[in-house]
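Take a look at the letters that make up each chain.
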Amino acid sequence: MRPVSIVQGSGPIVLGLPHTGTFVPDDVAARLNENGRKLADTDWHIDRLYAGQHPDVTTVRANFHRYVIDANRDPAGESLYPGQNTTTLVPLTDFDGVEIWDDPPTEAEIDARRREFHAPYHAALEAELMRVRDLRGVAILYDCHSIRSHIPFLFEGTLPDFNVGTNGGTTCAPEIEAATVAICAAAPCTSVLNGRFKGGWTTRHYGRPAENIHAIQMELAQSTYLTDEAAPWTCDAAKSAALRPYLTSILTELAALAPSLGGSR
């Protein structure tokens, strides 16, 4: 199993998909408990939701599950949200704070997974961002995520439908942030900018506007496209059809902005 799948496009947008993979090596699966083997914290169907949304996008997708190692966490293990509940580089619990391991990995095993899975994903993402920037003069990383809308362990109340993260406006040009927020606001959905999810490690690490690499994270509430936020995690055709035009509009607008951001090649 390749740790990462890449589809190259010639446009300025790179879609990052760190959490749609469900591959778990047999030796790792054997050490998960019954709760962990449910793989409940997957970004279910996000790759399908964005498929074909805009021509010429590049896609970089992690094929491994986040319980193996989380591709959207600092490889050094630093917390993205100090003082708040979150999950770690190799999670010890699910999003509800419930343990997922019968036999948790050792530090040596975590280091091996970092080399085998985390590093190849980010090497591929870095390479594609550089390729696209060299080709177009600018690269825009659009990091694709989803999560259940109600998780008391992580946040109070109900999560908005669209959660846009730019780490306080530092990871992309203001035009990118403004265009994304405007489209979300025009949708019959709730939305927030830099709320509970301000952009994960990927967005913060690659968002370097001064180098013509911009990054923005979109965390969708799974209630916007799943029939129910529980197993078997079924994608709802009607909800998806209603949601997809707004995602298309965002990607189209960001691609159109690229020449004004330095992308004129």
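These notes cover the structure that comes with them.

## With respect to the nonpolar core
If you look at the biggest cluster of nonpolar residues, it comprises 36 residues, and the most contacted ones within it are Ile13, Tyr50, Tyr142, Met218, Leu220 and Leu254. Elements supplying a minimum of two residues to this core: β2 (13-17), α2 (46-50), β4 (139-147), β5 (162-165), α4 (174-186), β7 (213-221) and α6 (237-257). With seven residues, the single largest contributor to this core is α6. Apart from the residues lying within four places of it in its own chain, the contact partners of Tyr142 are Ile13, Val14, Leu15, Gly16, Tyr50, Ile216, Met218, Leu247, Ile250, Leu251 and Leu254. Counting 30 residues, the second-largest nonpolar core is a separate cluster that includes Val28, Ile100, Leu129 and Val132.

## Structural notes on empty space enclosed by the protein
Within this structure, the stated rule accounts for two cavities of 30 Å³ or more. Counted as a void, the largest cavity has a volume near 210 Å³. When contributions to the lining of the largest cavity are tallied by element, the ones reaching two or more residues are β4 and β7. Of the residues forming the lining of the largest cavity, the biggest block, three residues, is contributed by β4. Looking at the lining of the largest cavity residue by residue, the classes come out as six nonpolar, ten polar and five charged. The calculated volume of the second largest cavity comes to roughly 40 Å³. Along its surface, the second largest cavity is lined by Ala40, Asp41, Thr42, Asp43, Phe95, Ser146, Ile147, Arg148, Ile151 and Gln222.

## So, the pattern of salt bridges
Going through the model one piece at a time under the given rule, you end up with 13 salt bridges. With a closest N to O distance of 3.0 Å, Asp70 and Arg66 form a salt bridge. Here Asp70 falls in the buried class, since its relative accessible area comes to 0%. The exposure class of Arg66 is buried, given its relative accessible area of 5%. The salt bridge involving Asp70 is made with Arg73; its shortest N-O contact spans 3.6 Å. In this pair, the class of Asp70 matches that of Arg73, namely buried. Put simply, Asp43, Arg66, Asp70 and Arg73 are held in one network by salt bridges that share partners.

## Points about the sheet that holds β2
Taken in spatial order, the seven strands of this open sheet run β1-β3-β2-β4-β7-β5-β6, and their pairing is mixed. Looking at the sheet topology across the chains shown, the edges are occupied by β1 (4-7) and β6 (191-193). In this sheet, neighbouring strand axes are inclined to one another by 15 degrees on average, regardless of whether the strands run parallel or antiparallel. Each of β4, β5, β6 and β7 touches α4; the most contacted strand, β7, lies at about 20 degrees to it. With respect to the sheet, α6 is in contact with β2, β4, β5 and β7, its orientation differing from that of β4 by roughly 160 degrees.

## Focus: the pairing of β2
Most of β2 sits inside the fold, with five of its five residues counted as buried. With burial as the criterion, each face of β2 is covered, one bearing Ile13, Leu15 and Leu17 and the other bearing Val14 and Gly16. By the bridge criterion, four bridges tie β2 to β4 in an arrangement that is parallel. Pairing of Leu15 across the sheet is with Tyr142, part of β4. As judged from the four bridges shared by β2 and strand β3 (residues 58-62), these two strands associate in the parallel manner. Looking at β3, one finds that Leu15 is bridged to Thr59.

## Overview of the layout of surface pockets
Within this model, the largest pocket holds a volume of roughly 240 Å³. Residues of the lining of the largest pocket, tallied by class, amount to seven nonpolar, five polar and five charged.

The rules behind each value
- Residues numbered from 1 in each chain as written.
- Predicted model: local features only at pLDDT ≥ 70, side-chain atom pairs only at ≥ 80, totals over all residues.
- Heavy atoms only, no water.
- Core = buried A, V, L, I, M, F, W, Y, C linked by side-chain atoms within 4.5 Å.
- Buried < 20%, exposed > 50% of the residue type's maximum accessible area, 1.4 Å probe, protein only.
- Helix = DSSP H or I, 4+ residues; strand = E, 2+ residues; numbered from the N terminus.
- Contact = heavy atoms within 4.5 Å.
- 1 Å grid on protein atoms, 1.4 Å probe; cavity = no way out; pocket = protein on both sides within 12 Å on 5 of 7 lines; lining within 4 Å.
- Points joined across faces, edges and corners; volume = space filled by probe spheres on them.
- Nonpolar A, V, L, I, M, F, W, Y, C, P; charged D, E, K, R; others polar.
- Salt bridge = Lys/Arg side-chain N within 4 Å of Asp/Glu carboxyl O.
- Pairing = 2+ DSSP bridges.
- Axes fitted to C-alpha atoms, helices over the stretch in contact; angles between N-to-C directions.

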